[in-house]
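# Observations on chain architecture
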Amino acid sequence: MKQFEVNFDGLVGPTHNYAGLSFGNVASLNNANAKSSPKQAAKQGLAKAKALADMGMVQGVLAPQERPDIAALRRLGFTGSDARVLESAAKQSREIFLACCSASSMWTANAATVSPSADTADGRVHFTPANLTNKFHRSLEPQVTGNILRGTFANEKHFAHHQHLPDNEHFGDEGAANHTRLCSNYGQAGIELFVYGRHAFDTSKPAPKKYPARQTLEACQAVARLHGLDDDGVVYMQQNPDVIDQGVFHNDVIAVGNQNVLFFHEQAFYQKDAGFKELQAKFGSEPLHFIEVPTAEVSVQDAVKTYLFNTQIITLPSGDMTIIAPTECQENEAVKRYLDKLVTLGTPIKSVNFFDVKQSMRNGGGPACLRLRVAMNDQELAAVNQNTLINDTQFARLNAWVDKHYRDELGEDDLRDPQLLIESRTALDELTQILKIGSVYPFQQG
Ligand SMILES: NCCC[C@H](NC(=O)CCC(=O)O)C(=O)O
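Residues numbered from 1 in each chain as written. Predicted model: local features only at pLDDT ≥ 70, side-chain atom pairs only at ≥ 80, totals over all residues. Heavy atoms only, no water.

Under the convention used in this document: UniProt positions are given in the numbering used here, feature names are shortened, and annotations may be inferred rather than shown by experiment.
An unreviewed UniProt entry lists the protein chain under the name N-succinylarginine dihydrolase, with Alteromonas marina as the source organism. One UniProt comment on the protein chain, placed under Function (unreviewed entry), says "Catalyzes the hydrolysis of N(2)-succinylarginine into N(2)-succinylornithine, ammonia and CO(2)." Note on the protein chain: under the UniProt heading Catalytic activity (unreviewed entry), the record states "N(2)-succinyl-L-arginine + 2 H2O + 2 H(+) = N(2)-succinyl-L-ornithine + 2 NH4(+) + CO2".

The following block contains the structure:
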């Protein structure tokens, strides 16, 4: 049986914008109110997905959410026609309005936690959408995310879909951004590393002081239970609270893994020695590559600024690993120096590829945020909705779809324009036909 790691990148939606919504996410706060370019953002995303497909990787896409979220605004008491809902929300409560316009579903690393069939008790691939409770704008995502995942992985024999965890800070769950799977081979049972920011029930345990810890240990444990993971295949580690306070709002801003490699910053984890010992013991006799980047070579600030660790490490068909990094890493002297050295260290990582994903970086998301990893065997891959996979035809269709529907530039005032809502819904309706994922959006459900 063949095995793959398939990366599902989030398509950027037609109302891509910067609202400065994520307290604790430095880039998001710094770029509030800047004008965005939905067309360029969507094309940057598609170009990255296509480049990975051209490297021989299996690459898919996940549909974006409908924004502005009229249904959420109605739930909050705004009434009348859609145009009236937009107008009164924008006028009466700018913050609520902007949150309901957020582009944040493009970061599919936060869409869900995924456990491949080799790790689960019933031999199916398990998905739990992240509840994203810590940020109001993100908490609007899980329901539609679940619909999109069901439309993309539409086969009960191979895929199990769970409801997101209870919407409460005790079970704050940010999905795959805090979850790393280590394995010798994608198709063999691996070790699932869950990283949390705080304990929900035991407040005597360390926690960040300035910025929020979005993920709890209790949420990680619930997901592991739902997915039927064996205790011998799971490790929980705490994120260093001090780096959360320096802007590391998800673990994937400071660590990334692939197969037998864990690449991380010296300050990433709390009590790392014990955690790594457990990882190695559960992994077995084959040694893991723990690639630690010292603070003396790359500061936490530089890591956050350049997203050195929000890179993708992928295994190419040749068996070598390469890093997919944002161009910001090339432009920072210390980070560039480190990457030049890294490929000579004799680890499985042999090369670095740089991509321009600035439209995502400005909201605090690098290449790794843009993708949800799903390890599958060939039978499972055949059961995936094939229209969601990128090949030359689908790439061309999606690019043409963006050209037809997306605006070149978007500012805050445009978001309340009822014409933009009509344009976006027309675009998304057409997208569900291109991807054949069914009626996933509230506006399609009448
Ligand atoms: N994995 C990357 C997630 C980035 C995301 N940014 C945002 O939601 C910012 C949106 C804005 O500011 O408009 C977040 O912080 O959860």
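Once the structure has been displayed, the description carries forward.
### Quick notes on the sheet that holds strand β13 (residues 312-315)
The test is simple: Two strands make a pair as long as DSSP finds a minimum of two bridges between them. Each helix is a run of H or I in the DSSP string that is no shorter than four residues. Each strand is a run of E no shorter than two, and both are numbered from the N terminus. Whenever a helix is involved, its axis is fitted only over the stretch in contact; in every case the axis is a line through C-alpha atoms, and angles between N-to-C directions fall within 0 to 180 degrees. By the convention used here, residues are in contact when the closest approach between their heavy atoms is within 4.5 Å.
Taken together, three strands build an open sheet; the order of strands is β13-β14-β15 and the sheet is mixed. The sheet terminates laterally at β13 and β15 (349-355), the two strands that pair on one side only. Within this sheet the neighbouring strands show an average axis-to-axis angle of 25 degrees, counted without direction. As judged from the six bridges shared by strand β14 (residues 321-326) and β15, these two strands associate in the parallel manner. Considered in β15, the bridge of Ile323 is made with Val352. In this fold helix α13 (residues 333-342) packs onto β14 and β15, with an angle of close to 145 degrees to the strand it touches most, β15.

### A short note on empty space enclosed by the protein
To keep things clear, this is the line we draw: Put simply, the grid is 1 Å and covers the protein atoms alone, a cavity is a trapped set of points that fit a 1.4 Å probe, a pocket is an open set with protein on both sides within 12 Å along at least five of seven lines, and lining residues have an atom within 4 Å of a point. Grid points are joined across faces, edges and corners, and a volume is the space filled by probe spheres set on the points. Ten residue types, Ala, Val, Leu, Ile, Met, Phe, Trp, Tyr, Cys and Pro, are classed as nonpolar, four, Asp, Glu, Lys and Arg, as charged, and the remainder, Gly among them, as polar.
On inspection of all chains with the given rule, the structure shows seven cavities of 30 Å³ or more. Counted as a void, the largest cavity has a volume near 280 Å³. Surrounding the largest cavity, 21 residues form its lining, Glu5, His179, Thr180, Arg181 and Arg373 being those nearest its centre. Its residues placed into classes, the lining of the largest cavity shows eleven nonpolar, five polar and five charged. Roughly 190 Å³ of internal volume is contained in the second largest cavity. What lines the second largest cavity is a set of 21 residues, and nearest its centre among them are Ser22, Ser104, Trp107, His137 and Asn363. A breakdown of the residues in the lining of the second largest cavity according to their chemical character gives seven nonpolar, twelve polar and two charged.

### A closer look at the UniProt feature "active site" (unreviewed entry) in the protein chain
Let me state the cut-off plainly: Exposure classes here rest on a 1.4 Å probe applied to the protein chains alone. A residue is buried below 20% of its type maximum, exposed above 50%, and partly exposed in between.
Per the UniProt entry, the sites bearing "active site" (unreviewed entry) are Glu174, His250 and Cys369 in this numbering. For the residues just named, distributed over 196 residues, the greatest C-alpha separation is only 11.2 Å, placing them together at one site. In this structure, the second largest cavity is lined, among the annotated residues mentioned, by His250 and Cys369. Relative to the helices and strands, Glu174 is located in the loop between β5 (159-161) and β6 (179-182). For Glu174, a relative accessible area of 1% translates into the label buried.

### Some points on the site of the ligand
Stated precisely, the cut-off is as follows: Whether a residue is near a molecule or strand depends on its heavy atoms: it is near if one of them lies within 4 Å of it. For accessible areas, the Shrake-Rupley method is used with a probe of radius 1.4 Å. Any residue's cover is judged against the shown protein chains and nothing else. Should more than half of a molecule's atoms lie within 2 Å of a pocket's or cavity's grid points, that molecule is taken to sit in it.
Taken together, the neighbourhood of the ligand is formed by 18 residues, with Leu21, Ser22, Ser28, His137 and Cys369 sitting nearest. Protein chains bury 100% of the 430 Å² of accessible surface belonging to the ligand in isolation. For the ligand, the cavity whose grid points lie within 2 Å of the majority of its atoms is the second largest cavity. Looking at the shell around the ligand, its residues break down into six nonpolar, ten polar and two charged.

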